[in-house]
Amino acid sequence: MRRREQQSAELREALWVSRCVGHAETTPLRPADVEGLASLIQVRTLVAGEPLVRAGEEPTSVCIVRDGCLELAVHSAAGRQVIQTLRPGDIDGDIQMLLGKPMPYETRANTDTTCLLIERAAFEQLLATHPQLSRRWLTSVSQRLARSHSRLTNLLGQPLEVQVAQLLLEEQVDDVVNLTQTTVAALLGVRRPSINRVLKRFARAGMVQVSYGKVQIIDAVALAAVTAP
């Protein structure tokens, strides 16, 4: 029982951190920055399935996805669960490096993927010698944390149908949500059967199509109407 509670706590931590990774719109490095910092950046290509960093390891570099797709996953009593995917422009590892904490999830390539890596020493040099970039980076971290906090706050007290609909709309990429029902349940702090019942209602209404490990959004307008006050 205690081990299961520990695993649940680890999963919640991993989910929370994964919601705060840098998405392209909040990534602090602009194209000009990447070009200007070429001497500090290493290019690494991963084949599909190859890990970049494992859960529990100290991050040795900040990673920016250049091409392909990375997936963040945790291992729990329910098995391996993908909790988020990173696409070109997304960034990972900076928050853990700034806080001096180990990675709460495994990061590995979902497809053949090219990453831009800034190693710890170069990252510290970057922040120390480029004040404007350092300010943008800290602003980026603040935006990501505020976004995650705002989302959690907005979900509090809402009916489960509203919470699920809002989460699906926020997590979709090209109308596909690559999250298992177990992960959705963990994100919302409810049991998986409750999520399953809501998704079945959405499917019967023609709003989504549910398959193993993902949800296809069929009618985003109708789904958005569920979240309307």
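Given the structure is predicted, the values throughout are model-derived calculations rather than measurements.

## A few points about a nonpolar patch on the surface
A contiguous nonpolar patch, built from Leu98, Leu99 and Leu138 and spanning about 290 Å² of accessible area, is present on the exposed surface. With respect to the helices, strands and loops of the structure, Leu99 is situated in helix H3 (residues 94–99).

## Some details on the packing of aromatic side chains
The description of an aromatic ring pair uses the distance of the two centres, along with the angle that the planes make with each other. Scanning the entire structure with this criterion turns up one aromatic pair. Geometrically, the ring pair formed by Phe123 and Trp137 is edge-to-face, given 5.0 Å between the ring centres and 70° between the ring planes. Of the two residues, Phe123 sits in helix H4 (residues 120–129) while Trp137 sits in helix H5 (residues 131–155), which places them 14 residues apart along the sequence. The same class applies to Phe123 as to Trp137, namely buried.

## Description of the sheet that holds strand S10 (residues 208–211)
Taken in spatial order, the three strands line up as S9-S11-S10 in an open sheet, and their pairing is antiparallel. Where the open sheet ends on each side, the last strands, each with one partner, are strand S9 (176–177) and S10.

## Concerning the side chain of Thr113
Positionally, Thr113 belongs in strand S8 (residues 113–119). When its relative accessible area of 0% is taken as the criterion, Thr113 is described as buried. A polar atom in the side chain of Thr113 sits 3.0 Å from the backbone oxygen of Cys69.

Rules behind the numbers
Residues numbered from 1 in each chain as written. Predicted model: local features only at pLDDT ≥ 70, side-chain atom pairs only at ≥ 80, totals over all residues. Heavy atoms only, no water. Patch = residues over 30% accessible without salt bridge, like charges linked within 9 Å, V, L, I, M, F, W, Y side chains within 5 Å. Areas by Shrake-Rupley, 256 points an atom, 1.4 Å probe, with all protein chains shown as cover. Salt bridge = Lys/Arg side-chain N within 4 Å of Asp/Glu carboxyl O. Helix = DSSP H or I, 4+ residues; strand = E, 2+ residues; numbered from the N terminus. Phe/Tyr/Trp six-rings, centres within 6.5 Å; stacked < 30°, edge-to-face > 60°. Buried < 20%, exposed > 50% of the residue type's maximum accessible area, 1.4 Å probe, protein only. Pairing = 2+ DSSP bridges. Polar contact = N/O pair within 3.5 Å; in protein donor to acceptor, adjacent residues only side chain to side chain.

Everything listed here is a matter of coordinates, which is why it stays silent on function.
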